[in-house]
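An overview of the molecular structure
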Amino acid sequence: MAIEKFSILTSTCIPMPIENVDTDQIIPARFLKATTKEGFGDNLFRDWRYDEHNQPKPDFVLNDPTYSGQILVAGKNFGSGSSREHAAWAIEDYGLRVVVSSFFADIFKGNALNNGVLPVQVSEDFLAALFKAIDADPKASVTVNLPEQTITLDSTGATESFEINGYKKNCLTTPHHEHRNHGHHPPRW
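Residues numbered from 1 in each chain as written. Predicted model: local features only at pLDDT ≥ 70, side-chain atom pairs only at ≥ 80, totals over all residues. Heavy atoms only, no water.

1. Regarding the overall build of the chain
Within the chain, the secondary structure is distributed over 6 helices and 7 strands. Across the 189 residues in the chain, those meeting the buried criterion constitute 46%. A fraction of 67% describes how many contacts in the chain between residues 6 or more apart in sequence connect residues 24 or more apart. Working note: accessible area of the chain is about 10200 Å², and carbon and sulfur atoms make up 50% of it. (Helix = DSSP H or I, 4+ residues; strand = E, 2+ residues; numbered from the N terminus. Buried < 20%, exposed > 50% of the residue type's maximum accessible area, 1.4 Å probe, protein only. Contact = heavy atoms within 4.5 Å. Areas by Shrake-Rupley, 256 points an atom, 1.4 Å probe, with all protein chains shown as cover.)

Encoded structure:
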């Protein structure tokens, strides 16, 4: 599966000001049996999104039509807990390209980058400003510029830089294609 090229993304945001979101909350263990990445988005935050009768919980943000977009703005310490890569699969399959937080678990950060999801770590003050802006206007847009490594709240112009490993940045900004050699011709190097 090719990872979509990432350069500059401007999107509305889904606010989830919950701290210490672990990978078991992102994708509960009972959904880890599948071996392909497809379909995991259906179970993203499953136990928070649905009740025991599989009915959507109206008070959970992913079930609230007020909020949409490709950027998840999350509380501090996102992706802690087990190292399951399925958490990143679920976020990507749901259609999210960026997760913003003031702190990420290292293993989650690596898994996200390997699966085309950009973790953007910002200061606690900038994160609070994002939550405040989205609360005031659910259509507030944010621009994530990967080449420049900046995140901007478009309504105010407030900008902050973020760090990313140079190799991972290159992997995200360069389009990927799967190359298969079916044995017909030797590869030419």
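2. Some thoughts on helix H6 (residues 166–173)
Because each turn of an α-helix spans 3.6 residues, side chains separated by three or four positions end up pointing in the same direction. Buried within H6 we find Lys 169, Cys 171, Leu 172 and Thr 173. Lining the buried residues of H6 we find helix H4 (106–114) and strand S4 (118–121). With a side-chain oxygen positioned 2.8 Å from the backbone nitrogen of Tyr 167, the residue opening H6 is Asn 165. (Polar contact = N/O pair within 3.5 Å; in protein donor to acceptor, adjacent residues only side chain to side chain.)

3. Notes on the environment of Asp 22
Tracing the backbone shows Asp 22 in the loop between strand S1 (8–16) and helix H1 (23–26). The spacing of Asp 22 and Asn 77 is 55 residues in sequence and 8.2 Å in space, taken between C-alpha atoms.

4. With respect to the pairing of S4
Relative to S4, strand S3 (residues 98–101) runs parallel, the two being bridged by 4 bridges. Looking at S4, one finds that Val 99 is bridged to Pro 119. A crossover links S3 with its parallel partner S4, the connecting element being H4, and its sense is right-handed. (Pairing = 2+ DSSP bridges. Right-handed = clockwise from strand over helix to strand, strands pointing away.)

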